[in-house]
Amino acid sequence: MRIDFDPQDMDRGTFYRLLTAVVVPRPIAWVSTVTPDGMTANLAPHSFFTVACVSPPVVQFTSVGRKDSLRNIEETGSFVVNFAPEHLFEQINATATDFPRGVSEFEAVGVEPEPSLKVKPPRVAGSPVALECELHSTVLLGDSTVVLGRVVHAAVDEDVMKDGHPEVTRLRPLTRLGKDEWGTFGGVREISRVPYAQWQEDDAAR
């Protein structure tokens, strides 16, 4: 037996908690931005994050409400998505604190920055991957804003590479679950996709 939930009959927070408990695990975009005057670097995790386009390469994350990350991106046109690894779990969580505008999470939390190559916001020095992005567009949806960024540069730590490709067992991605739960890296299963032509051959052989 299923339990039915109608978002029209529920308050925002209750249905939000339901959504974030069942849309799991969610990758984390650890987004770094900078104020227009270049004086304050902001850093915050956003767990509504994915790839939006392959060519040109575009990633997207959603800002729930109008947060510093969104304001800085709208005003400067650039940001960096830093990979969120397991070993930086406590720092990632700490940068979700609602610090006042003008306070740098890098400084408050003790996250070491490093210069980006093609955009103004700094990267997280301890993150194994950084996607430097220029703002493509934003889409306002109710109380949230979808931010799409064109990836203009990717920097990957050589220690997480294997045979020329990032290796997930070395990346050790951290993910978000429901409530205050976070997911750590588990097992890996591999299976190849079967082309339709092969599917037909296998079916005929049976």
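First things first, this report covers the structure right here in the doc. Note that the coordinates shown come from a computational prediction; the quantities given were computed from them, not determined experimentally. (Residues numbered from 1 in each chain as written. Predicted model: local features only at pLDDT ≥ 70, side-chain atom pairs only at ≥ 80, totals over all residues. Heavy atoms only, no water.)

Take the sheet that holds strand β1 (residues 26–27) next. The antiparallel open sheet is built from three strands, whose spatial order is β1-β13-β14. Where the open sheet ends on each side, the last strands, each with one partner, are β1 and β14 (182–183). Inspection of the sheet shows β1 paired to strand β13 (residues 175–176) by two bridges, in the antiparallel sense. Within the sheet, the bridge partner assigned to R26 lies in β13 and is R176. (Pairing = 2+ DSSP bridges. Helix = DSSP H or I, 4+ residues; strand = E, 2+ residues; numbered from the N terminus.)

Moving on, we come to the sheet that holds strand β9 (residues 129–141). Taken together, the seven strands give an open sheet; going across it, the order is β3-β2-β6-β9-β10-β5-β4, and neighbouring strands pair in antiparallel fashion. Each end of this open sheet is capped by a strand with a single partner; those strands are β3 (41–46) and β4 (49–53). Across the sheet, the axes of successive neighbouring strands diverge by a mean angle of 35 degrees, strand direction being ignored. Two elements, strand β2 (residues 29–34) and β3, share six bridges in a ladder whose sense is antiparallel. Opposite T33, over in β3, you have N42 as the bridge partner. The strands that helix α2 (residues 68–76) touches are β2, β3, β5 (58–64), β6 (78–82), β9 and β10 (144–156); relative to β2, the one it contacts most, it runs at about 50 degrees. (Axes fitted to C-alpha atoms, helices over the stretch in contact; angles between N-to-C directions. Contact = heavy atoms within 4.5 Å.)

It is worth spelling out the environment of A44 at this point. Topologically, A44 is positioned in strand β3. For A44, a relative accessible area of 13% corresponds to the buried category. Separated by 11 residues in sequence, A44 and T33 have C-alpha atoms that sit 8.9 Å apart. (Buried < 20%, exposed > 50% of the residue type's maximum accessible area, 1.4 Å probe, protein only.)

Under the definition given, this model contains three aromatic pairs. With a centroid separation of 5.6 Å and 75 degrees between ring planes, the pair formed by F61 and F79 is classed as edge-to-face. Placement of F61 in strand β5 and of F79 in strand β6 is noted, with a sequence separation of 18 residues between them. Take F79: its relative accessible area is 0%, and that puts it in the buried class. (Phe/Tyr/Trp six-rings, centres within 6.5 Å; stacked < 30°, edge-to-face > 60°.)

Looking down a regular strand, the side chains alternate between one sheet face and the other. Where β5 and β10 come together, seven bridges link them in antiparallel fashion. Residue pairing across strands places T62 opposite V146, the latter belonging to β10. Examined bridge by bridge, β9 and β10 share 12 bridges and lie antiparallel to one another. Across the sheet, residue L140 finds its bridge partner in β10, namely T145. A loop of two residues connects β9 with β10, the two strands running antiparallel in sequence, and G142 in this loop sits at a positive phi of about 60 degrees.

All right, on to the pattern of salt bridges then. Enumeration according to the criterion identifies 10 salt bridges in this entry. For D68, the salt bridge goes to R101, with nearest N and O atoms at 3.5 Å. With a gap of 33 residues between them, D68 in helix α2 and R101 in the loop between α3 (89–94) and α4 (105–109) connect regions that are remote in the sequence. Put simply, D68, R71, E75 and R101 are held in one network by salt bridges that share partners. (Salt bridge = Lys/Arg side-chain N within 4 Å of Asp/Glu carboxyl O.)

Residue D68 is classed as buried on the basis of its relative accessible area of 12%. At 3.3 Å, the side chain of D68 and the side chain of R71 are in polar contact. A polar contact is formed between the side chain of D68 and the side chain of R101, at a distance of 3.5 Å. Residue contacts for D68: discarding those within four places in its chain leaves T33, N42, F99, P100 and R101. (Polar contact = N/O pair within 3.5 Å; in protein donor to acceptor, adjacent residues only side chain to side chain.)

We now examine the pairing of β5. Counting buried positions along β5 yields five of seven residues, so the element is predominantly enclosed. Summarising the sheet, β4 and β5 pair through four bridges and their orientation is antiparallel. In the strand pairing of β5, C53 is matched with V58. Taken together, β4 and the strand that follows it, β5, pair antiparallel across an intervening segment of four residues.

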